[in-house]
Amino acid sequence: MRGLRAPVLLLVAANSRTHDARTLAARAGEAVRELRTIVLPDVSHHALPPAAPCGTGRRLTAFLCG
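Residues numbered from 1 in each chain as written. Predicted model: local features only at pLDDT ≥ 70, side-chain atom pairs only at ≥ 80, totals over all residues. Heavy atoms only, no water.

### Notes on the nonpolar core
For clarity, the cut-off: We define the nonpolar core as a collection of buried residues of types Ala, Val, Leu, Ile, Met, Phe, Trp, Tyr and Cys that are connected through side-chain atoms lying within 4.5 Å of one another. Each residue gets one of three labels from its accessible area relative to the maximum for its type: buried under 20%, exposed over 50%, partly exposed in between, using a 1.4 Å probe on protein chains only. Runs of H or I in DSSP of at least four residues are treated as helices and runs of E of at least two as strands, each being numbered from the N terminus. Residue contacts are counted whenever heavy atoms from the two residues lie within 4.5 Å of one another.
Core analysis: the biggest nonpolar cluster contains 5 residues, these being Leu9, Ala13, Ile38, Leu40 and Val43. At the level of elements, strand S1 (8-13) and strand S2 (35-40) are the ones that each hand at least two residues to this core. Excluding its chain neighbours within four sequence positions, the residues that come into contact with Ala13 are His19, Ala21, Leu40, Val43, Ser44, His45 and Leu48.

Given below as structure tokens:
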């Protein structure tokens, strides 16, 4: 992953029981050079993407088209 040169967007569920959002974001930041992380509040790991908070689609579009 360290050799990956493409930008990466990581969406992390803040209320996940599967992982700790801060730890996951920090470890991913160490492994991926061009990482943008968005922690999504009030959503669990298994609720993504159906229960994603407002604005998630806008953030994805901005990342992909920006």
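### Description of helix H1 (residues 21-31)
Keep this limit in mind: When we speak of the arc, we mean the arc of directions from the helix axis to the C-beta atoms.
Listing the buried residues of H1 in full gives Ala21, Ala25 and Ala28. The buried residues of H1 occupy an angular sector of 70 degrees when the element is viewed end-on, so they sit on one face. Across from the buried face of H1, at angles greater than 90 degrees, the exposed residues are Arg22, Arg27 and Glu30. Those residues of H1 that are buried lie in contact with S1 and S2.

### Focus on the side chain of Ser16
Going by this rule: Under the rule applied, a polar contact is a pair of N or O atoms within 3.5 Å (in protein, one hydrogen donor and one hydrogen acceptor; residues adjacent in sequence only if both atoms are side-chain atoms).
Inspection of the secondary structure puts Ser16 in the loop between S1 and H1. Among the polar contacts listed, one links the side chain of Ser16 to the backbone nitrogen of Thr18, at a separation of 3.0 Å. Looking at Ser16, its side chain comes within polar contact range of the main-chain nitrogen of His19, at 3.3 Å. Excluding residues within four positions of it along the chain, Ser16 makes contact with Val43, Ser44 and His45.

### Description of the environment of Thr18
Tracing the sequence through the fold places Thr18 in the loop between S1 and H1. A sequence separation of 26 residues divides Thr18 from Ser44, and the C-alpha atoms of the two residues are 8.7 Å apart. Beyond its immediate chain neighbours, meaning those up to four positions away, Thr18 contacts His45 and His46.

### A look at the environment of Met1
Within the secondary structure, Met1 is located in the segment before S1. Overall, the relative accessible area of 65% leaves Met1 in the exposed class. C-alpha separation for the pair Met1 and Glu34, spaced 33 residues apart in sequence, amounts to 11 Å. Contacts of Met1, omitting those with residues within four sequence positions, involve Ala31 and Val32.

### Observations concerning unusual backbone geometry
One can expect most non-glycine residues to show negative phi and most peptide bonds to be in trans. Notably, Asp42 is not glycine yet its phi reads approximately 60 degrees, a positive angle. Relative to the assigned elements, Asp42 resides in the loop between S2 and helix H2 (56-65).

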